[in-house]
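If you want the building blocks of each chain, they are given just below.
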Amino acid sequence: MPKALQYRAGSVIYFQGDVADKIFILQSGKISLNYQDIETGQDIHDPVQPGEFFGVKSAMGRYPREETALVLQDAAVIAFTVPEFEQLATTNIRIVMKMLKVFSNQLRRIHKQVSNLMEKEEQQSPEIGLYMVGEYYLKNRQYAQAKYVFSRYLTYYPAGKMAAQAAKNLETAESSLVRYGDGKGPAPMPERTVTAGAAGGGNTGGVGVGTVAMNSAMTDQGPKQAPEELSVVAKAYYDAVSLFSQDKYPQAFAGFKKIVEANQDPEYVAKSVYEIGRCLYLMGKFDECLKHYTAMITTYPKHPDLGNALYFMAQCYEKKGDKDRAATFYKKILSMNEDEDDTVHLKARKALKALEA
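These notes cover the structure that comes with them. (Residues numbered from 1 in each chain as written. Predicted model: local features only at pLDDT ≥ 70, side-chain atom pairs only at ≥ 80, totals over all residues. Heavy atoms only, no water.)

## Here we look at the overall build of the protein chain
Next up, step 1: Secondary structure summary: the protein chain contains 14 helices and eight strands in total.
Next up, step 2: Across the protein chain, every contact between residues at least 6 apart in sequence was considered, and the portion connecting residues at least 24 apart equals 64%.
Next up, step 3: Just so you have it, the protein chain exposes about 19,800 Å², and 54% of that area is on carbon and sulfur atoms. (Helix = DSSP H or I, 4+ residues; strand = E, 2+ residues; numbered from the N terminus. Contact = heavy atoms within 4.5 Å. Areas by Shrake-Rupley, 256 points an atom, 1.4 Å probe, with all protein chains shown as cover.)

## Details of the packing of aromatic side chains
Next up, step 1: Tallied over the full model, the rule gives 15 aromatic pairs.
Next up, step 2: Ring geometry for Tyr-274 versus Tyr-293: centroids 6.0 Å apart, planes at 35°, classification tilted. Residue Tyr-274 is found in helix 10 (residues 266-282), and its partner Tyr-293 is found in helix 11 (residues 286-299); the two are separated by 19 residues along the sequence.
Next up, step 3: The class of Tyr-293 is buried, set by a relative accessible area of 0%.
Next up, step 4: Aromatic rings pair up to connect Tyr-274, Tyr-281, Phe-286, Tyr-293, Tyr-311, Phe-312 and Tyr-330 into one cluster.
Next up, step 5: Above the face of the Tyr-14 ring, Arg-65 is positioned so that its terminal group lies 4.1 Å from the ring centre.
Next up, step 6: Lys-347 extends its terminal NZ or CZ atom over the ring of Tyr-311, reaching a point 4.6 Å from the ring centre. (Phe/Tyr/Trp six-rings, centres within 6.5 Å; stacked < 30°, edge-to-face > 60°. Buried < 20%, exposed > 50% of the residue type's maximum accessible area, 1.4 Å probe, protein only. Lys NZ or Arg CZ within 6 Å of the ring centre and 35° of its normal.)

## Here we look at the pairing of strand 3 (residues 22-36)
Next up, step 1: Relative to strand 6 (residues 68-81), strand 3 runs antiparallel, the two being bridged by 11 bridges. In the strand pairing of strand 6, Ser-32 is matched with Leu-70.
Next up, step 2: The pairing of strand 3 with strand 5 (residues 53-54) spans two bridges and is classified as antiparallel. Residue Ile-25 lies in a different strand from strand 5, and its bridge partner there is Phe-53.
Next up, step 3: As judged from the six bridges shared by strand 3 and strand 4 (residues 43-48), these two strands associate in the antiparallel manner. (Pairing = 2+ DSSP bridges.)

## Things to note about helix 13 (residues 323-335)
Next up, step 1: The terminal C-alpha atoms of helix 13, which comprises 13 residues, lie 18 Å apart, in line with the 18 Å expected from a rise of 1.5 Å per residue.
Next up, step 2: Of the surrounding secondary structure, the elements contacted by the buried residues of helix 13 are helix 12 (306-319) and helix 14 (343-356). (Expected span 1.5 Å × (residues − 1).)

## Focus: helix 4 (residues 126-139)
Counting along an α-helix, one turn takes 3.6 residues, and residues three or four places apart therefore face a common direction.
Next up, step 1: Here helix 4 is 14 residues long and its end C-alpha atoms lie 20 Å apart, about the 20 Å a rise of 1.5 Å per residue gives.
Next up, step 2: Within helix 4 the residues assigned to the buried category are Glu-127, Ile-128, Gly-129, Tyr-131, Met-132, Gly-134, Glu-135, Leu-138 and Lys-139.
Next up, step 3: Looking at the residues trailing helix 4, positive phi occurs at Arg-141, about 65°.

## Examining the nonpolar core
Next up, step 1: Counting residues in each nonpolar core, the largest one holds 47 residues, and the members touching the most others are Tyr-237, Phe-256, Tyr-268, Tyr-293, Leu-310, Met-313 and Tyr-330.
Next up, step 2: Mapped onto this core, the elements with two or more residues apiece are helix 8 (228-245), helix 9 (249-262), helix 10, helix 11, helix 12, helix 13 and helix 14.
Next up, step 3: With nine residues, the top contributor of residues to this core is helix 12.
Next up, step 4: Among the nonpolar cores identified, the runner-up in size contains 14 residues, and Tyr-7, Phe-24, Leu-33 and Val-77 belong to it. (Core = buried A, V, L, I, M, F, W, Y, C linked by side-chain atoms within 4.5 Å.)

## A look at the pattern of salt bridges
Next up, step 1: Counted by the stated rule, this structure contains eight salt bridges.
Next up, step 2: In this structure, the salt-bridge partner of Lys-22 is Asp-21, at a minimum N-O distance of 3.8 Å.
Next up, step 3: A salt bridge links Asp-305 to Arg-141; the nearest nitrogen and oxygen atoms lie 3.2 Å apart. Of this pair, Asp-305 sits in the loop between helix 11 and helix 12 while Arg-141 sits in the loop between helix 4 and helix 5 (143-156), and the two are 164 residues apart along the sequence.
Next up, step 4: Residue classification places Asp-305 among the buried positions, given a relative accessible area of 10%. (Salt bridge = Lys/Arg side-chain N within 4 Å of Asp/Glu carboxyl O.)

Written out as structure tokens, the structure is:
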């Protein structure tokens, strides 16, 4: 039998990437389906009208959710299993026709976006692609993976454009792995160097400006010097990280908040958004932390620290005495496709066992 469910404003019915096994119809309230436009990368917020179904495509197609369903105003919904929905649809041709019309419009829009993307896409060299993979792992404190990728880069491209930077990043990954352990410690700034053929000449240390900035700065002669304002943002970020490491959470919170409000560098804005949530948790502001991370997950559904954000949300519910909600978030972490020895998985598994005990 279909189930009637109630959701409070600010709660999430499902996250992007969740297993899709239910179809919903909105009876009352306001719900937004949030996702990123595949062509522009902009955040899209599609409102669900009362009487409309949502979550149909992913549930019927048996693939993960493509969007996050966020409750904007207290909502009443009815949840159907796929067989229940199919039975309903076979007895009501109007539902089938409405769904076909919606799906047809969506497919035409997606086809147009994909065509535009294919026209714009530039082929990236395997060398630069491999380097950027190592940089991604290093920035996200996955030191073992970064060590492996940079060592592979130096094996395949010993005289490559990024060889000097890769060697320094390899050294950083090795030392961080020994000092902090995988997944821990402050996120290192990948080494950036101006090659002799680039403007200005000589080699100068760069400031971890991120993959997007790297692409925009890359030329046939090598990466150009990053814009100076990025160095200011990077310095502000690591100053805030330093304050956090000294347990000065209010001061660190203020520093991260300034970076987000300035909105000068998407990479450091995304990092700072995550760190703000950590500060709120350690300051004991559990409700604010939950609200903040809910908004972060909606805005950054593929944030590299998504698992850690979910863990802090579970911890907040534990602190508030809501063990059932805490267990739900721990289980969500364990359902994510990560390595078995992933740090956040281990923490979630341990916390869940403690709750169940």
